[in-house]
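# Chain and residue survey
Next come the chains, spelled out residue by residue.
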Amino acid sequence: MTLLRSAILIFLLLPSLAAADSRVSSDFELQAALKQIRNARDSTSKVAAHLNLGDVRGSRGEMDAATLEYGDAAALASKEAAASRNDGDLNRYAQLTAWAGLAAAKLGRLAEAADAFEEATRYLSDSPAIWNLYASAMTILGRTDRAISFARNAVSLSAPNRATNPSGLLDSNVYRYALASALLQEDRSAASDEAESILTEIDRSLDAPAFQSLKDEIARTETFEIFSTARGDAASFLSLWNRAHLRLGSLEEARGHNEQARMAFRKVLTLRTDDPQALQSMARLATSASQRERYYAAAFAADPLSLPLVEEFRRALDKEALAAAAGDTTGARMQRAIIAAHGDRISESNKLLLTLAKQFPGSVTLQYLLARNAAVLGNIEPARSLVGDKRLPLPARRELESAVSNAADRSSRAVALLGASADGSARSVDAADLRSLLLLLQSEAITPGERVRLDTQDFQSSVQFDAVTARDQASTTFRAGSIGTVPFLFPSPVRFAGQFDASALLNLEYHILGMTEVDGRESVLLEPLRLTRQER
């Protein structure tokens, strides 16, 4: 029953952490699942392998390919179940019927899955493994009450074997994990409390001396693939260890128990040092910028195209400046692209993203980031085209809708700033206004008339110069400075009449000439008209 026992581990493909594109971390699982199909010596093993491959495909955003694998698993299980019944092997018939039910659940077919499991439990109603699979299917289909009930059946039926041997104890922990997973789908504090208690018990149990030999085997054989349907005690232990501690860590973090959460995620990393979900979580819970940078670098190295990781890293940049990993790895380039876009260096970001897109064609994460950048520049069509793309999670599609709306607002604001002021004076703009004007300048939507007005309009801003280039008794020469967070440059050093302090905020009137780059940073090129001190 080992194969049936472990299928429940499917539950811990956490929705909040599941990657839309995982071309690095899941490559190992992908190749291993393909190998499982090639090497399967019996139909049950082949069904399980197709389910594993479907899960890996799904985690990579390859939903059509995942559906094909689940369909193959369902067809094969149904065919072999019928053959077993004809041969009079009713135990095998029940097991394969349960596998067909699980595959149907992954295909979203509730009635078909329920019928299959009702048939399976007619023949093996005392099998905790069958009830475990039934609970899996109901959790996948969102039937939480049924999932909890069936998971309790599996736990109750496995209780007599819990302490007799390590394999029986592992079975029991798998079934208890399934119950905790189902409970966490309920929106009740009592259910969440029970789930936390179960996961804590599993944590203690997996640390027991009875499992030390399995840990040693995992280390000796360098086993690291995590599957929903694991085969053998070592693979099942590793998958349960990974999924249970991720669940426990996420629950503790949600409750504000950050130190307990960190302990759980660290345990994940003891048996799989490159687990992207654990690394991402450790970055989120880091207590210093340097620690956060280190964990994010490791997470991007493990899973550079993970959309949840990309979005979380982007939100982290809103709170503090973070550096990208050194080197020219895929993960480091992805980090630099996100940092550049966050700093409104869109052309730099696009250059990196387009290079990655050639390496990973069809990546929905890269399409998403390029569409966001296009919307920032006023080209909203790529973002609009992805709003309905079901490969993207709902929060990402909402982000694209917001990007489209913001692009329209920025364009309207920039066009309004190009109108002459009521008294004919220079238009006063701050850093946000200047960004809107620059994005209009870069956009494909700018009209010839708007371009003429942008070239001739006088603007005024509060500026701070970087340093005095030259000075004499009658003048001060400057070359570069910033308007808020927007750096600017004059085409050549400009000599202003009077004595000015580079550390003081000054008023500058200017024309916008275009964009340039200084030390790798996008800067605005200005033609100065007049420099004055600010009134106190």
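Scroll up for the structure.
Described in the following lines is the structure provided in the data block. (Residues numbered from 1 in each chain as written. Predicted model: local features only at pLDDT ≥ 70, side-chain atom pairs only at ≥ 80, totals over all residues. Heavy atoms only, no water.)

Locating Thr97 in the fold gives a position in helix 5 (residues 90–106). The exposure class assigned to Thr97 is buried, which follows from its relative accessible area of 9%. As a C-alpha pair, Thr97 and Gly514 span 417 residues in sequence and 68 Å in three-dimensional space. If near-sequence neighbours (up to four positions away) are discounted, Thr97 is found in contact with Ala81, Ala116, Glu119 and Ala120. (Helix = DSSP H or I, 4+ residues; strand = E, 2+ residues; numbered from the N terminus. Buried < 20%, exposed > 50% of the residue type's maximum accessible area, 1.4 Å probe, protein only. Contact = heavy atoms within 4.5 Å.)

A separate point is the pairing of strand 5 (residues 486–497). Where strand 4 (residues 475–483) meets strand 5, eight bridges bridge the pair, whose relative direction is antiparallel. Bridged to Ser475 within strand 5 is Ala497. The turn joining strand 4 and strand 5, which pair antiparallel and follow one another in sequence, is formed by two residues; a positive phi near 60° is taken by Gly484. For strand 5 and strand 7 (residues 521–533), the ladder comprises two bridges, and the chain directions are parallel. (Pairing = 2+ DSSP bridges.)

Turning our attention to the side chain of Thr121. Checked against the element boundaries, Thr121 lands in helix 6 (residues 110–123). A relative accessible area of 10% places Thr121 in the buried class. Not counting residues within four places of it along the chain, the set of residues in contact with Thr121 comprises Ile130, Trp131 and Tyr134.

Bringing helix 16 (residues 307–319) into the picture now. Counted at 1.5 Å a residue, the expected span for helix 16 with its 13 residues is 18 Å, and the 19 Å between its end C-alpha atoms agrees. Residues of helix 16 that are buried: Leu307, Pro308, Leu309, Val310, Glu311, Glu312, Phe313, Arg314, Ala316 and Leu317. Close packing links the buried residues of helix 16 with helix 14 (276–284), helix 15 (289–302), helix 17 (330–342), helix 19 (364–376) and helix 21 (394–417). Two to three positions downstream of the cap, the backbone nitrogen of Leu309 sits 3.2 Å from a side-chain oxygen, assigning the N-cap of helix 16 to Ser306. (Expected span 1.5 Å × (residues − 1). Polar contact = N/O pair within 3.5 Å; in protein donor to acceptor, adjacent residues only side chain to side chain.)

One pass over the full model with this rule turns up 17 aromatic pairs. For the pair Phe300 and Phe313, a centre-to-centre distance of 5.3 Å together with 75° between the ring planes defines the contact as edge-to-face. Taken together, the residues span a long stretch of sequence, with Phe300 in helix 15 and Phe313 in helix 16 at a distance of 13 residues. What makes Phe300 buried here is its relative accessible area of 0%. According to the relative accessible area criterion, Phe313 is buried, its value standing at 1%. Ring centres 3.9 Å apart and planes at 5° place the aromatic pair Phe465 and Phe478 in the stacked group. Within this pair, whereas Phe465 is found in strand 2 (residues 459–465), its partner Phe478 is found in strand 4, the two being separated by 13 residues in sequence. Phe478 gets classed as buried once you look at its relative accessible area, which sits at 0%. (Phe/Tyr/Trp six-rings, centres within 6.5 Å; stacked < 30°, edge-to-face > 60°.)

Overall, the coordinates contain 28 salt bridges when judged by the stated rule. For Arg255, the salt bridge identified is with Glu196, shortest N-O distance 2.3 Å. Note that Arg255 is positioned in the loop between helix 12 (233–254) and helix 13 (258–271) and Glu196 in helix 10 (residues 189–206), a separation of 59 residues in sequence. The class for Arg255 is partly exposed, based on a relative accessible area of 28%. According to the relative accessible area criterion, Glu196 is buried, its value standing at 15%. Between Asp472 and Arg495 there is a salt bridge whose closest N-O contact spans 3.1 Å. (Salt bridge = Lys/Arg side-chain N within 4 Å of Asp/Glu carboxyl O.)

Let us now look at the packing of helix 18 (residues 346–359) against helix 19. Across the interface, helix 18 lies against helix 19 with an axial gap of 10 Å and an inter-helix angle of 155°. The pairing of helix 18 with helix 19 is recorded here as roughly antiparallel in orientation. Between helix 18 and helix 19 lies a crossing whose hand is left-handed. Side by side, helix 18 and helix 19 meet where Ile346, Ser349, Asn350, Leu353, Leu354, Leu356 and Ala357 of the first sit next to Leu366, Leu369, Leu370, Asn373 and Val376 of the second. Here the contact of helix 18 with helix 19 is composed, by residue class, of nine nonpolar, three polar and no charged. (Axes fitted to C-alpha atoms, helices over the stretch in contact; angles between N-to-C directions. Parallel < 35°, antiparallel > 145°, perpendicular 65-115°, else oblique. Left-handed = near helix turned anticlockwise from the far one by under 90°. Nonpolar A, V, L, I, M, F, W, Y, C, P; charged D, E, K, R; others polar.)

By the secondary structure assignment, Ala135 is in helix 7 (residues 128–140). Linking Ala135 and Tyr175, residues 40 residues apart in sequence, is a C-alpha distance of 9.4 Å.

Of all the positions in helix 11 (residues 212–221), only Leu214, Lys215 and Ile218 are classed as buried. End-on, the buried residues of helix 11 take up no more than an arc of 100°, which puts them together on one face. Facing away from the buried surface of helix 11 by more than 90 degrees, the exposed residues are Ala219 and Arg220. In this fold, the buried residues of helix 11 make contact with helix 9 (166–183), helix 10, helix 12 and helix 13. (Arc of directions from axis to C-beta.)

Another aspect to go through is the packing of helix 16 against helix 17. Orientation of helix 16 relative to helix 17, taken along the N-to-C sense of each, is 45°, at an axis distance of 10 Å. Viewed along their axes, helix 16 and helix 17 adopt a mutual orientation that is oblique. Classified by chirality, the crossing of helix 17 by helix 16 is right-handed. Of the residues in helix 17, those in contact with Val310, Phe313, Arg314, Leu317 and Asp318 of helix 16 are Met334, Gln335, Ile338, Ile339 and His342. Of the residues in the contact of helix 16 with helix 17, the class split is six nonpolar, two polar and two charged.

Further remarks concern the pairing of strand 6 (residues 506–518). Note: strand 2 against strand 6, five bridges, orientation antiparallel. Residue pairing across strands places Ser462 opposite Asn507, the latter belonging to strand 6. Bridge count between strand 6 and strand 7: 12 bridges; the pairing is antiparallel. Residue pairing for strand 7: Leu508 is matched across the bridge by Leu531.

Bringing the nonpolar core into the picture now. Grouped together as the largest cluster of nonpolar side chains are 64 residues, with contacts concentrated most on Leu51 and Phe237. Here this core takes nine residues from helix 9, the largest share from any one element. For Leu51, the contacting residues outside a window of four places in its chain are Tyr70, Ala73, Trp99, Leu102, Ala103 and Lys106. If you look at the next biggest cluster of nonpolar residues, it comprises 47 residues, including Phe265, Ala278, Phe300 and Leu317. (Core = buried A, V, L, I, M, F, W, Y, C linked by side-chain atoms within 4.5 Å.)

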